[in-house]
Amino acid sequence: MITVKDLTSLQKLRLICGRDAWSTVDFDGKIPSVSVSDGPVGLRTERAVNGEQVTLPAVAYPSVQVLADAWNEELAYRMGAALADDCIERDVDILLAPGVNIKRTPVCGRNFEYVSEDPYLAGVVGRQYIKGVQDNGVGTCLKHFYANNLEWDRFHQSSDVDDRTLREIYLKPFEIACTAKPVSAMCSYNRINGVFASENKKGFDILRDEFGFDGAIFSDWEAVRDRAASAIAGLDIEMPFSQKSYDKLVEDYNNGKITDAQIDACAARVLDLVYRIAEMKKTRKIKTTESQRAQLSADILAEGAVLLKNNGVLPLDGKCSVAVCGCYAKPDCDDLMRGGGSSGVKRRKLDFDIPSRLAERVSGKVEYQGAFHFNGIMGGANAQEQRLSLVNAALCDVNVVCVGTGARIECEAGDRATIRLPDVQEHIIIETAKQNKNTVVVIFAGAAVDMSAWKDLVAAILYVGFPGENGDAVVADILTGKINPSGKLTETFALDYSDIPSSNTYFCAGVTRYQEGLDVGYRYFDTYDQPVAFPFGHGLSYSVFEYSALKLKSDGDKLELSFKIKNSSQICGKEVAQVYVRPVAPLVYRPNKELKAFKKVEIKGGAAEQIKLTLDKSALAYWSIAKDRWTVDDGVYEIIIGASVADARLAAKIVVADGKITIHG
């Protein structure tokens, strides 16, 4: 095994730069080379075919926000494990995922790749995803570190954030995810408080010294501006290889700008990575078939699709006739079913046909019209389809409109101009709803959507994100009741984009000020009692759940919660119980509620389940600017059990005195 001492200075300088776009140097086979490929919702691998770089087809999983909306840690682990099998088949050593950046604003072009607006939930899902991949012999790359919440001018803009907000909101997901020991992490493009993420020594020191990260840090592709400066800060590998950057690094070394000790630190971590991966390779074994992975994609959607509204029209009567319209019901291109950019998966097949799947499940007729394509009316011979969709809606028992975004709207390197759907899509919803009061809208999108123009006009709304393989069957099963929806939102759906604090903060070509501080997502809307379209944690079921019998127990350092959830309907369903903490009379500003635990449980009709969860004192903590550390103040705290942040079902108070937790009452 080669060590840093065995390498010349030039070899060490070459080692901390990539070999090409997708691998590390191996010095002609003297050390292992590590290969990497994009994620997080399917493996995007490029290979040379007949002299051209082509992207190979792969299993397409639902977008990350669908995985998050499932609130199911086991599914996050299983998705990671399935992706490991995809990597093993393609001889990929590290999957460039997961991304746990906070959804500060719903217009961010990469929100479909990220977990949540909540740091605890983002960290937990990311941690399970990492475990699933790495327990199966493939490495992960935790990204994008950090405060990377906008795609606009991402190579230059500076995220201007105070330390407390960084600690409690933007760094916390990385802290939690690091407990899974990812083999690598990736810096972001942007500056943080004026310093490029690739040169942010303060951030890298926090990652390593406080979060326990013991892997190597990659640059995002072409994120390095000054290789010597980034190496001094602690960035280990620049990707992809740049001859110009390498030559400048050598020049800076010869001129004394970077020391041998600083180079050795990076080179040692690169060597640790390549040998760590070599050991992990010995454990690799493919455990699932492609067919099983495609079924997992369906399983994730089955639990991650969110029923936002339902006046009783769903589930559909098996004898009803159904009008279906919208190109998302029967897409003719993959762009409609995914977000764009480096995470774009080339699907093995585009076999998505909701009208056909519904026809297999109802005895009444199913009529389909495309009506529109993406953001315009279908032209040519199909110009009458919009009119025919109105006719079908008027003549059928139920009208299903399939709308959404896709890679042309939600994409890396650009942000959405609006969170409303294209005008033609809103028009079809409104006009067909006038013809049929039983109108159901199915939304294919990777982030929050403004529904203010039509939400009150329709009978039901089903949000399915970007669904992955076999998604058409899952959507049809939810609509007809074969699957009972159990997804819940992991981001707030505001009434209007302008209601979101980040939409009204300072923003220019050079700086984005995070003026809202801690008031991100539900932390703002709940604290200031601002109305929303759908709150964080919201999601309907065909079952009815009742909460009761909350009991608290503490040994002074931990808090044990137990309560009962009863399914008072006769339909088996899954419920997500959410635990929020509310400080009473805090000494510093605290949001009204903060998510600190959750559990998803399946309950048979008429049955009840006992839920047990544990919180430690860290669930009560905030980052003290005065003390420069996490702090739990003495005082009263309320523990709230809810079906969403806005739907509290149970509550009890605790007291912290002299650092010890006691139960009130």
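Not measured: the values here are computed from a predicted model.

*Asks:* Would you explain the overall build of the protein in this entry?
*Replies:* A tally of helices and strands in the protein yields 16 helices and 29 strands. What you see for the protein is a C-alpha radius of gyration of 25 Å, in line with the 26 Å of a compact globule of 665 residues. Considered along the principal axes of its C-alpha atoms, the protein spans approximately 80 × 70 × 50 Å. Residue burial in the protein is summarised as follows: out of 665 residues, 61% are buried. Across the protein, the fraction of contacts at a sequence separation of at least 24, relative to all contacts at a separation of at least 6, is 76%.

*Asks:* Is there a simple way to explain the state of the cysteines in this structure?
*Replies:* What is meant by a disulfide is a covalent connection between two cysteines, made through their sulfur atoms. Within the structure shown, the criterion is met by zero disulfides. For Cys327, which is in no disulfide, the shortest distance to another cysteine sulfur is to Cys333 and amounts to 7.6 Å. Taking relative accessible area as the criterion, Cys327 reaches 6% and is therefore assigned buried. The thiol sulfur of Cys508 is not disulfide-bonded, and the nearest other cysteine sulfur, from Cys108, lies at 18 Å.

*Asks:* What's the story with the side chain of Glu638 in this structure? I'm lost.
*Replies:* In this fold, Glu638 is placed in strand β27 (residues 635–644). Contact partners of Glu638, with chain neighbours within four places excluded, come to Tyr580, Val581, Arg582, Val584, Ala651, Ala652 and Lys653.

*Asks:* Sorry if this is basic, but what is going on with helix α13 (residues 385–395) here?
*Replies:* Residues separated by three or four positions in an α-helix point in the same direction, a consequence of the helix having 3.6 residues per turn. Those residues of α13 that fall on the buried side of the exposure criterion are Glu385, Gln386, Ser389, Asn392 and Ala393. When α13 is viewed along its axis, its buried side chains cluster within an angular range of 110° and face the same direction. Of the exposed residues in α13, those oriented more than 90 degrees away from the buried face are Arg387 and Leu395.

*Asks:* So what exactly am I meant to see when it comes to the pattern of salt bridges here?
*Replies:* Think of it this way: side chains of opposite charge can pair up when their charged atoms draw near. Per the stated rule, a full pass over the model turns up 55 salt bridges. Two residues, Arg19 and Asp26, come together in a salt bridge whose shortest N-O distance is 3.2 Å. Relative accessible area serves as the criterion here: at 34%, Arg19 is assigned to the partly exposed category. The residue Arg110 makes a salt bridge to Glu412 at a minimum N-O spacing of 3.3 Å. Here Arg110 is found in the loop between β4 (94–96) and α4 (119–134), whereas its partner Glu412 is found in the loop between β16 (398–404) and α14 (423–435), with 302 residues between them in sequence. Looking at Arg110, the relative accessible area reads 2%, which means it is buried.

*Asks:* Help me understand the packing of aromatic side chains in this model?
*Replies:* Aromatic rings in a pair are described by how distant their centres are and how their planes are angled relative to each other. Under the counting rule described, the total for this entry stands at 20 aromatic pairs. Consider the rings of Tyr522 and Tyr580, whose centres lie 6.0 Å apart with planes at 80°: the pair is edge-to-face. Of this pair, Tyr522 sits in helix α16 (residues 522–527) while Tyr580 sits in strand β22 (residues 573–584); the two residues are 58 residues apart in sequence, bridging distant segments of the chain. Judged by its relative accessible area of 0%, Tyr580 is buried.

*Asks:* What's the story with the layout of surface pockets in this structure? I'm lost.
*Replies:* Summary: where empty space remains is shown by rolling a probe the size of a single water molecule over the atoms. By volume, the largest pocket is sized at about 520 Å³. Around the largest pocket, the lining comprises 21 residues; the ones closest to its centre are Tyr120, Lys172, Ile176, Ser618 and Ala619. For the lining of the largest pocket, the elements supplying multiple residues, two or more each, are α4, α6 (172–177), β23 (594–603) and β24 (608–616). Top contributing element to the lining of the largest pocket by residue count: α4, with four residues. Per-class residue counts for the lining of the largest pocket are ten nonpolar, three polar and eight charged.

*Asks:* I'm lost on the pairing of strand β29 (residues 660–663) in this one. Help?
*Replies:* On a regular strand, each side chain points to the face opposite its neighbour's, so the side chains alternate between the two faces of the sheet. Relative to β29, strand β28 (residues 647–657) is paired through four bridges, and the arrangement is antiparallel. By the bridge assignment, Ala657 is partnered in β29 with Lys660. With antiparallel pairing between neighbouring strands as the criterion, β28 and β29 make up a hairpin whose turn holds two residues, including Asp658 at a positive phi of roughly 55°.

*Asks:* Mind showing me how you'd approach unusual backbone geometry here?
*Replies:* Trans peptide bonds make up the majority, and among non-glycine residues the majority have a negative phi. A cis amide bond links Ala97 with the next residue in sequence, Pro98, at an omega value of 5°. Tracing the chain through its elements places Pro98 in the loop between β4 and α4. In the segment running from Leu314 into Pro315, the intervening peptide bond is cis, with an omega of 0°. Position of Pro315 relative to the elements: it lies in the loop between β11 (306–310) and β12 (322–325). Even without being a glycine, Asp28 presents a positive backbone phi close to 55°. Tracing the backbone shows Asp28 in the loop between α1 (9–15) and β1 (36–38). For Ala147, which is not a glycine, the phi torsion comes out positive at approximately 55°. Checked against the element boundaries, Ala147 lands in the loop between β5 (139–145) and β6 (158–160). Here Ala147 falls in the buried class, since its relative accessible area comes to 1%.

*Asks:* Please explain the sheet that holds strand β19 (residues 511–513) as it appears in this structure.
*Replies:* Note on sheets: strands pair through backbone hydrogen bonds, and any given pair is parallel or antiparallel. The strand order across the open sheet formed by four strands is β9-β8-β6-β19, and the pairing between neighbours is mixed. The outermost strands of the open sheet, each flanked by one partner alone, are β9 (195–196) and β19. Both β6 and strand β8 (residues 191–192) contribute to a ladder of two bridges, which runs parallel. Within the sheet, the bridge partner assigned to Ser159 lies in β8 and is Ile192.

*Asks:* How do you make sense of the nonpolar core when you look at a structure like this?
*Replies:* When a protein is soluble and globular, its nonpolar side chains tend to lie buried together. Within the largest apolar cluster, 108 residues are counted, with the highest numbers of intra-cluster contacts made by Ile443 and Leu479. At eight residues, helix α3 (residues 73–89) tops the list of elements feeding residues into this core. Leu479 has contacts with Leu314, Pro315, Leu316, Leu358, Val400, Val440, Val442, Leu462 and Tyr542, leaving out every residue within four places of it along the chain. Among the nonpolar cores identified, the runner-up in size contains 73 residues, and Val36, Leu249, Val250 and Ile263 belong to it.

*Asks:* Can you help me understand the side chain of Arg14 in this one?
*Replies:* Tracing the chain through its elements places Arg14 in helix α1. In this structure Arg14 is buried but unpaired, with Asp20 as the nearest side chain of opposite charge at 8.0 Å. When sequence neighbours within four positions are dropped, the list of residues in contact with Arg14 reads Arg19, Val25, Phe27, Phe241 and Tyr246.

*Asks:* Teacher, can you tell me more about empty space enclosed by the protein here?
*Replies:* Under the definition given, this model contains four cavities of 30 Å³ or more. Split by residue class, the lining of the largest cavity holds eight nonpolar, five polar and three charged. Reported here for the second largest cavity is a volume of approximately 90 Å³. A breakdown of the residues in the lining of the second largest cavity according to their chemical character gives four nonpolar, three polar and four charged.

Thresholds, definitions, all that
- Residues numbered from 1 in each chain as written.
- Predicted model: local features only at pLDDT ≥ 70, side-chain atom pairs only at ≥ 80, totals over all residues.
- Heavy atoms only, no water.
- Helix = DSSP H or I, 4+ residues; strand = E, 2+ residues; numbered from the N terminus.
- Rg over C-alpha atoms; globule rule 2.2 N^0.38 Å.
- Buried < 20%, exposed > 50% of the residue type's maximum accessible area, 1.4 Å probe, protein only.
- Contact = heavy atoms within 4.5 Å.
- Disulfide = S-S within 2.5 Å.
- Arc of directions from axis to C-beta.
- Salt bridge = Lys/Arg side-chain N within 4 Å of Asp/Glu carboxyl O.
- Phe/Tyr/Trp six-rings, centres within 6.5 Å; stacked < 30°, edge-to-face > 60°.
- 1 Å grid on protein atoms, 1.4 Å probe; cavity = no way out; pocket = protein on both sides within 12 Å on 5 of 7 lines; lining within 4 Å.
- Points joined across faces, edges and corners; volume = space filled by probe spheres on them.
- Nonpolar A, V, L, I, M, F, W, Y, C, P; charged D, E, K, R; others polar.
- Pairing = 2+ DSSP bridges.
- Core = buried A, V, L, I, M, F, W, Y, C linked by side-chain atoms within 4.5 Å.
- Lys, Arg positive; Asp, Glu negative; His and termini not counted.

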